[in-house]
Amino acid sequence: MEIEVLEGVFDANEIIARENRRILDSKNVFMVNLMSGPGAGKTSLVLRTLEALSGKLRCAVIEGDVTGKVDSERIADAGVIAIQINTGGSCHLEAKQVNTALGRLDLESIDLLIVENVGNLVCPAEFRIGEDLKAMILSVAEGDDKPLKYPLMFSESDVLIINKVDLLPFTDFDIGRLKETVKKMNPRIEIFEVSCKTGDGIGEWSSWLKKKVSG
Amino acid sequence: MHELSVVESMIAIVLKHAQANGARKVKKINLVLGEMSTIMEEPVRFYFEIIGKDTIAEGAELAFERKPLIAMCSSCGCEFGVSNYDFTCPKCGALDTEIISGREFRVDSIEIE
C-alpha cells in the first residue's frame, strides 16, 4: 500500500525557526545569522561590528562551534554577552539549538543578536534559525571561485562581506569577477568590502546594519 | 555530516506516517531531491542503514527522484532551467527570478505493508 506523505525533511526545523522569529519579533530583537567557511573572519567581524555599534545598539552574541568556547570568550572579553552552543560534531546550527539559547538571554535588553554559525560554507545554508538577515563572509584568502562551488550559501544570503581586502595586492583574487558571478546568482544581495585587520569598510557595513536594525 | 540530522528528521516523518496507517513494515521510501540541495544521496543511504536499524523502516528501499533547478522570471513569467547558477532570465534578461524547483528534499510517499 502506498501512502502519500509530501512532507519536507526541513519542515520540522522551519516550524521552530518561525517560532524563534515570533519570539524575537515580540521583543523587538533583530537577529543576524553570520555564516562562512572556517577562518574567513566571523569572530573578527563580530568584534569589529560590536565595537562600531557600541553605545548605539544593545548587542549580544550566540556562538556556534563544534566544540570549545574560544570564540565566546573572545566576545565576553570585549564586554558583550555571549552564549556558546557546542554542536558536538554537527556542522551547522539548527533552529532548536538557537531556541534553547534564546531562553538563556534577556531579550528585553537586546536590540541586535548576532549568531555566529559553525564555520562551514555548505550546511548552515540549509537550516533557517529564525533570522532577519543571513550574512556570509568570503575572505580574499579563500579565492574568488567559491560561489559556483557553494551556490546555495551565496544564493541564500542577504549580505556578502568580502573580508581581508588588505590581502588583495598579494593575490590574484578578482573582486569584479566575484561580484558579477554572485549578482547573477542572487541579484538582491548586498556586498561590502572590509578588512577586519585594518578596519577598512567596517563603518559602512555597521552603519548599514544599524539602519536595518532600527528600520 | 549534516545528513545525520537530516536522516533523523526523514525517518521521523516516515515512522509517523507509517504508524498512523498501522504499518507493520515500510518497504520503500520515495524521496524527492532537488539539484541545488546540499544533501547527497550516498550519505543519506549510509545514515539510513544505521539510524533505521531496529525500526519498522529497517531495510526499506530508498528511491530518489531528482528535480532539476528551475526558476521563474518575475518580469516576463517564463520558466527556465538554470545552468551554472546563472539566474538571469534567458528571454528578457531580468535578474528578478524565483526558484520554483530544485531546492527540495521531501518524502513524497512510502510503501507499507
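Residues numbered from 1 in each chain as written. Chains lettered and ligands numbered in written order. Predicted model: local features only at pLDDT ≥ 70, side-chain atom pairs only at ≥ 80, totals over all residues.

> Describe helix α2 (residues 42–53) of chain A, and please don't skip the residues or the numbers.
Residue and element names in this part refer to chain A. Counted at 1.5 Å a residue, the expected span for α2 with its twelve residues is 16 Å, and the 16 Å between its end C-alpha atoms agrees. Among all positions in α2, only K42, L45, V46, R48, T49 and L50 are buried. Of the residues trailing α2, G55 is marked for its positive phi of about 85°. (Helix = DSSP H or I, 4+ residues; strand = E, 2+ residues; numbered from the N terminus. Expected span 1.5 Å × (residues − 1). Buried ≥ 20, exposed ≤ 12 C-beta atoms within 10 Å, placed from the backbone.)

> Describe the interface of chain A and chain B, and please don't skip the residues or the numbers.
Listed per partner, the contact involves 27 residues of chain A and 28 residues of chain B. When residues of the side of chain A that touches chain B are traced back to their parent elements, those giving at least two are β1 (2–8), α5 (151–156) and α6 (175–185) of chain A. Among the residues making up the side of chain A that touches chain B, the classes are represented as 16 nonpolar, five polar and six charged. Looking at chain direction, β1 of chain A and strand β6 (residues 105–112) of chain B are connected through five bridges and run antiparallel. Bridge pairing links E4 of chain A to S109 of chain B in β6 of chain B. (Contact = placed C-beta atoms within 7 Å. Nonpolar A, V, L, I, M, F, W, Y, C, P; charged D, E, K, R; others polar. Pairing = 2+ DSSP bridges.)

> Any details on the sheet that holds β1 of chain A? Residues and values, ideally.
In spatial order, the strands read β1(A)-β6(B)-β1(B)-β2(B); together these four strands make up an open sheet with mixed pairing. Each edge of the sheet is formed by a strand with only one pairing partner; in this case those strands are β1 of chain A together with β2 (61–67) of chain B. Each strand of the sheet is rotated relative to its neighbour by a mean of 20°, with strand direction disregarded. Contacting β1 of chain A together with β1 (26–34) and β6 of chain B, helix α1 (residues 3–20) of chain B crosses the sheet at an angle of about 40° to β6 of chain B. (Axes fitted to C-alpha atoms, helices over the stretch in contact; angles between N-to-C directions.)

> Go over unusual backbone geometry, please, and point to the residues and values.
One non-glycine residue, K164 of chain A, lies in the positive phi region at around 65°. With respect to the helices and strands, the residue K164 of chain A is situated in the loop between β7 (159–163) and α6. Using a count of 24 C-beta atoms within 10 Å as the deciding quantity, one classes K164 of chain A as buried. In this structure, Y85 of chain B is a non-glycine residue whose phi angle is positive, near 55°.

> Can you explain the packing of α1 of chain B against helix α2 (residues 41–51) of chain B? Please cite residues and give values.
To describe two helices that pack against each other, one gives the angle between their axes and the distance between the axes. All names here are of chain B. Between α1 and α2, the least distance of the axes is 9 Å, while the angle of their chain directions is 60°. In terms of their interaxial angle, α1 and α2 are classed as oblique. Like other packed secondary-structure pairs, α1 and α2 cross with a definite hand, here right-handed. Residues E3, L4, V7, E8 and I11 of α1 lie in contact with α2, whose contacting residues are P43, V44, Y47, F48 and I51. In terms of residue class, the contact of α1 with α2 is made up of eight nonpolar, no polar and two charged. (Parallel < 35°, antiparallel > 145°, perpendicular 65-115°, else oblique. Left-handed = near helix turned anticlockwise from the far one by under 90°.)

> Which residues make up helix α3 (residues 70–77) of chain A, and what values go with them?
All names here are of chain A. For α3, the complete set of buried residues consists of D71, S72 and I75. Looking straight down α3, one finds that the buried residues subtend no more than 95° of arc, so they occupy a single side. Counted as exposed and oriented over 90 degrees from the buried face of α3: V70 and D77. A positive backbone phi angle near 85° is found at G79, which sits one or two residues after α3. (Arc of directions from axis to C-beta.)

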